[in-house]
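# Architecture and fold: a report
Chain by chain, the residues run as shown.
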Amino acid sequence: MQGKFHGVFSLILVLGSVVIALTHMLIVSLGWGLAYLGIIILTNTIALYAYCAKCLCRDDACSHVFPGKLTRLLPLRKQGPYTLLDYFWTALSLMALFGFPLPWLWQNKVLFFGYWLLLLIGLAEILFFVCRTCRNENC
């Protein structure tokens, strides 16, 4: 697990933001909260399949650790360069994951800004630490 701190830490931060959103949505509206839970499962599966399943590092050197292991549950994909469609599905799934809860979070400004703070720090961790040490040459 050595050298994986930033990958795991970034996932914890992003997960924290999603948990804030999900918890708030479940409290405000059980139906919309459950819908968001479905979106979380669906969008993560899409991103794992469209992006992580093609990563050259997923089997033994995934900096995030857990996504690489989760790709083993998905249909096999040939590792290699990403296509425009891979980027499209990954971006669409991440926009849905992070954008869907915003109207509910806006109702509580503390949660809204806490959500964005955790999310942006997590994404900065990925950009400035995880990507720099990643061996995936196809990103």
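This text follows the structure it describes.
All values derive from a computational prediction rather than experimental measurement. (Residues numbered from 1 in each chain as written. Predicted model: local features only at pLDDT ≥ 70, side-chain atom pairs only at ≥ 80, totals over all residues. Heavy atoms only, no water.)

## Side note on the packing of aromatic side chains
Inspection of every chain in the model, using the stated rule, returns 12 aromatic pairs. Ring centres of F5 and F9 lie 5.3 Å apart, and the angle between their planes is 15°; this geometry places the pair in the stacked category. Of the two residues, F5 and F9 are both situated in helix α1 (residues 5-28); the distance of 4 residues between them amounts to about one turn of the helix. With relative accessibility at 30%, the residue F9 sits in the partly exposed group. Residues F88 and W89 carry aromatic rings whose centres are separated by 5.3 Å and whose planes lie at 75° to one another, so their mutual orientation is edge-to-face. (Phe/Tyr/Trp six-rings, centres within 6.5 Å; stacked < 30°, edge-to-face > 60°. Helix = DSSP H or I, 4+ residues; strand = E, 2+ residues; numbered from the N terminus. Buried < 20%, exposed > 50% of the residue type's maximum accessible area, 1.4 Å probe, protein only.)

## Considering the pattern of salt bridges
When the charged atoms of two side chains with opposite charge come close together, those side chains can pair. For the structure on display, the rule yields 2 salt bridges. For R77, the salt bridge identified is with D86, shortest N-O distance 3.0 Å. Under the relative-accessibility criterion, D86 is labelled buried at 5%. A cluster of three or more residues bridged by salt bridges with shared partners is formed by K54, R77 and D86. (Salt bridge = Lys/Arg side-chain N within 4 Å of Asp/Glu carboxyl O.)

## Remarks on the environment of T133
Relative to the helices and strands, T133 resides in helix α6 (residues 109-133). Measuring from C-alpha to C-alpha, the distance between T133 and S63 comes to 8.1 Å, with 70 residues separating the pair along the chain.

## Observations regarding the nonpolar core
V18, Y36, I40, L97, F98 and Y115 are the most contacted members of the largest nonpolar core, which has 14 residues in total. Contributing elements (two or more residues each) for this core: α1, α2 (30-50), α4 (84-99), α5 (102-105) and α6. Counting residues per element, this core draws most heavily on α1, at 5 residues. Those residues in contact with V18 that sit more than four places away from it in its chain are Y36, I40, L97, F98 and Y115. (Core = buried A, V, L, I, M, F, W, Y, C linked by side-chain atoms within 4.5 Å. Contact = heavy atoms within 4.5 Å.)

## Comments concerning the layout of surface pockets
A volume near 1,300 Å³ is recorded for the largest pocket. Lining the largest pocket are 42 residues; nearest its centre among them are L11, N44, C52, H64 and P67. It is α1 that provides the largest number of residues to the lining of the largest pocket, a total of 8 residues. (1 Å grid on protein atoms, 1.4 Å probe; cavity = no way out; pocket = protein on both sides within 12 Å on 5 of 7 lines; lining within 4 Å. Points joined across faces, edges and corners; volume = space filled by probe spheres on them.)

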